[in-house]
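# Residue-level structure breakdown
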Amino acid sequence: MSTFRRSKNEGGPGKTVPGERGLSAGGDIGLGVSGDGNEITVRDLVTGHNNSITHQYHLPAKSSPAWPHQVGVIPLPARSFQHRGEGDRLREAVEGGGTAVLSQVLTGMGGVGKTQLAADYARAAWDDGGLDVLVWVTASARSAVVSGFAQVGVELCRADTDNPEQAAKQFLAWLAPKPGQRPCRWLIVLDDLADPGDLIVHPDDPAHRYSLWPPASPHGRVLLTTRRRDAALFGEGRRRIEVGLFTPDESLAYLTASLNAQGRTEPADQLTALAHDLGHLPLALATAYLIDSGESAAAYRHLLADRATTLDHLTPDALPDEQATALAAAWSLSIDRADTLRPAGLARPMLHLGALLDANGIPQDVLTGQSARTHLAAHRTTTGPTPQQTPVSPADAVRTLRALDRLSLIDHQPGTPHQAVRVHQLIQRTTRDTLTPYQYDQAARTAADALGAAWPAVERDTDLAQALRANTDALTRYAEDALYQPDAHPVLYRLGRSLGESGQVTTAIDHFQHLTDTTGRHLYPLGELDHGHAFLGLDEQGELYVVAHWLARFGRMPEAMENLVLRVTPIRMPHPADS
C-alpha cells in the first residue's frame, strides 16, 4: 500500500522525522524506517524548496500465527473411555470459577485417570471453539516445562530459539492481559507435575528466580495434574479437585466395554469381583492382559491372589493407551521422591509396614509408636553421602506419613486417628513384591509388635479395638508364617482375647482352635506381660506358659504362679518345627 502526504518542512535532505531510523540516499532523497513489530513503515522523503512530499509504504512484518493455535499434543482418548462424575466436576469448576478461580489442580494417586480427564476437557474446549490458544505441556521436570513454554514463545511471540528461558519468560509476559489488547482465550495444561518446586526457575538465585505459573487473566485458565498434594499447589485462585477411583459401576462398565470391543465377554459377577480385587485400579492394564493372554477373569483373579505372582507378571508386554511407564514403576518413582522429603529416608520403610496392614485404615499410633520408629531408624534409606544414625521421634514418624500423603501414596487423615492411614491395596501389593523374604518376615514381626504395643489392656474404645482386630487380620493374611516364627506372636493371642471380649465368642473359639492346630499347643490366654509384648497362657494340663517371640514354661499351677511372682526364669520350649 502506498499513500502520499504533503508535509511542510517535515524533513530535509538526508534527514528523518523523529522516531525513524534514517537511511541516507544522498542528495535530496532520504529514507525513514519505523515500526512496532506489527508493520513496518518506509518513508521516501523527496524535498522541494519549502515543502516535501512523503511517499509512505506499509510493509507487513513477519506475521504472528493466526488464532486458534495449539502447541503440544493432547493424549488420545483411552480405549473405552468412560464418562465420569469427576469430568462434570471439572467442567463446573472451570466454567463456574469466574475470575476468582483461574487454575484447577487435579490431584490423586497414580493410575486414577487424571491425564485422561484433563485431555477430555481440553479436547472438548478446543473442538467447541472456546479457545484461541491451547498449550499442552508434560510437566515431569522443570526443564520440560521451560522447553514447552519456550516452544510456545517461539511460535506465538517470535522469541529467540537459542534462549529457551528468555523465550519462556516472553511467553508468560505475553499471557498477561494488556489494555487495548485483543482478548485471547487460552488454556494451559501442565500434565503430571512431579514436584511443585519444578515451577520455580533458579529457586536458589534471588536475582534470577522466577515462577512458571501462568499469570492471572480473565481470559485464561490453567489445568494442572499431579500426584502431589503440597500446600504450595493450592491457595488463592487455585482449586483442588481430588480424582478418586472408579466406582464399582464405572469399573464394570469399563471392563465390559473394553472386552466387548475385542470380541470378548466375561460373566458380570467375575468382572465385578475382579474390579474389587484390583481396588478398581488399574483396569486398563488388567483388560490388556486378559486380551493378550487369553486368560479368563477368574484365572486372572487366581493369579492375583497368589503371593508368588508379582504384579509385573500380570501386566501386558505392551502398555495400552500410550502409557509410558507401568504403574508399579511409576509408584516406585513416587516412593523414591518421597524418600527425599524431610525427614529423608523414612518413607520407604514406613510403607513397608503399611503394606502389611489393613488398607482401609491403620491407627496412627501403630505407625508412630516405638516399635515402628525403631524399624524406621534401622531401615532408613540412604539418601546422602553418609547414612544417618539418628533416632526417629514421634514427630518424624508423623512427618513421614505426611510425605507419603503428599505423593498420594497413602491417604493420611489424622482427624480419624483409628483409621488415619489408608493405603491402596495395589500399592501395598507392589511394595510387598519388592521385599526379600528376610525383609518381609522382619517387617511382619515389627508390624505385629506395633499392633500389640498400641492395644490397650482394657478395651474401652470399641472403634479402636475393631481397627486393631482388622489390622491383625490383614497382617495374618499377608504374613501368617512370619507370625509363627519362632513361635506364635503374642498379638495373635491378644486378637483372640479381644474377639471374646467383644462378644464374638464363636469367632474367638475358631481363632484359638487355629492357634492350637498351628502351634501344637492349646493355650488359654490369661493376661499380658510387659505392656502386651508377652502373653500368659494356660494349657489343658494346667501348665503356665509365657508367649513372646518364643515360648517358655513356668511349670504347673499353682507352683507356676509362685514362680512367676518370684521372677523365676521360665524354661524355653523348642518350636514344634524343630522337633
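Quantities reported herein were computed from a predicted structural model and do not represent experimental measurements. (Residues numbered from 1 in each chain as written. Predicted model: local features only at pLDDT ≥ 70, side-chain atom pairs only at ≥ 80, totals over all residues. Heavy atoms only, no water.)

## As for helix α15 (residues 437–454)
Operational definition: Each helix is a run of H or I in the DSSP string that is no shorter than four residues. Each strand is a run of E no shorter than two, and both are numbered from the N terminus. By definition here, a helix of n residues has an expected span of 1.5 Å times n minus one. Throughout this description, buried means an accessible area under 20% of the type-specific maximum (1.4 Å probe, protein chains only), exposed means over 50%, and partly exposed covers the range between. We call two residues in contact whenever any of their non-hydrogen atoms come within 4.5 Å of each other.
Taking 1.5 Å of rise per residue, the 18 residues of α15 would be expected to cover 26 Å, and the 26 Å separating its terminal C-alpha atoms lies within 8% of that figure. Along α15, the residues classified as buried are Tyr440, Ala443, Ala444, Arg445, Thr446, Ala447, Ala448, Asp449, Ala450, Leu451 and Gly452. Looking at the buried side of α15, the elements it contacts are α10 (347–354), α11 (364–368), α12 (370–378), α14 (425–433), α16 (462–479) and α17 (490–501).

## Side note on the environment of Ser147
Inspection of the secondary structure assignment puts Ser147 in helix α3 (residues 142–157). A relative accessible area of 45% places Ser147 in the partly exposed class. Linking Ser147 and Glu165, residues 18 residues apart in sequence, is a C-alpha distance of 7.9 Å.

## Observations regarding α14
The element α14 is extensively covered by neighbouring structure, given that seven of its nine residues are classed as buried. Within the span of α14, buried status applies to Leu426, Ile427, Gln428, Arg429, Thr430, Thr431 and Arg432.

## Observations regarding the packing of aromatic side chains
Aromatic ring pairs are defined here through the distance separating the ring centres and the angle between the ring planes. Note the threshold: Note on aromatic pairs: the rings of Phe, Tyr and Trp (six-membered ring only in Trp) are paired at centre separations within 6.5 Å, and the planes decide the class, stacked below 30 degrees, edge-to-face beyond 60, tilted for the rest. Any Lys NZ or Arg CZ found within 6 Å of a ring centre and within 35 degrees of that ring's normal is scored as a charge over the ring.
A full pass over the atoms with the stated rule returns five aromatic pairs. Connected via pairs of aromatic rings, a cluster forms that spans Trp67, Phe149, Phe171 and Trp174. Stacked on the ring of Tyr478, the Lys or Arg Arg477 has its end atom at 5.7 Å from the ring centre.

## Some words on the confidence of the model for the protein
Formally: For every residue, the predictor assigns a confidence score, pLDDT, that lies between 0 and 100.
Here the protein shows a mean pLDDT of 82. Residues at 70 or above account for 80%. Per-element mean pLDDT across the protein ranges from 36 in strand β1 (residues 2–8) up to 98 in α11. Overall, residues 1–61 carries pLDDT values under 50, and its contacts beyond four positions in sequence, including any with other chains, amount to 108 contacts. A low-confidence stretch, residues 575–579 (pLDDT under 50), is modelled with six contacts involving residues beyond four sequence positions or located in other chains.

## Quick notes on a nonpolar patch on the surface
To be explicit about the condition: Residues enter a patch when their relative accessible area is above 30% and they make no salt bridge; the linking distance is 9 Å between like charges and 5 Å between nonpolar side chains (Val, Leu, Ile, Met, Phe, Trp, Tyr). Accessibility throughout is a Shrake-Rupley quantity obtained with a 1.4 Å probe, and a residue counts as covered only by protein chains that appear here. Think of a salt bridge as a Lys or Arg side-chain nitrogen and an Asp or Glu carboxyl oxygen that are within 4 Å of each other.
Taken together, the side chains of Met557, Met561, Val565, Leu566 and Val568 define a hydrophobic patch exposed on the protein surface, amounting to about 430 Å² of accessible area. Checked against the element boundaries, Met557 lands in the loop between β19 (551–556) and α19 (559–565). Accessibility expressed as a relative area gives 31% for Met557, which makes it partly exposed.

## Details of the pattern of salt bridges
Evaluated as defined, the whole model comprises 21 salt bridges. Salt-bridge contacts for Asp433 lead to Arg429; the nearest nitrogen and oxygen are separated by 3.6 Å. Taken together, the positions of Asp433 and Arg429, both in helix α14 and four residues apart, correspond to about one turn of that helix. A salt bridge links Arg469 to Glu459, with the shortest nitrogen-to-oxygen separation between them at 4.0 Å. Taken together, the positions of Arg469 in helix α16 and Glu459 in the loop between α15 and α16 put the pair ten residues apart, joining distant regions of the chain.

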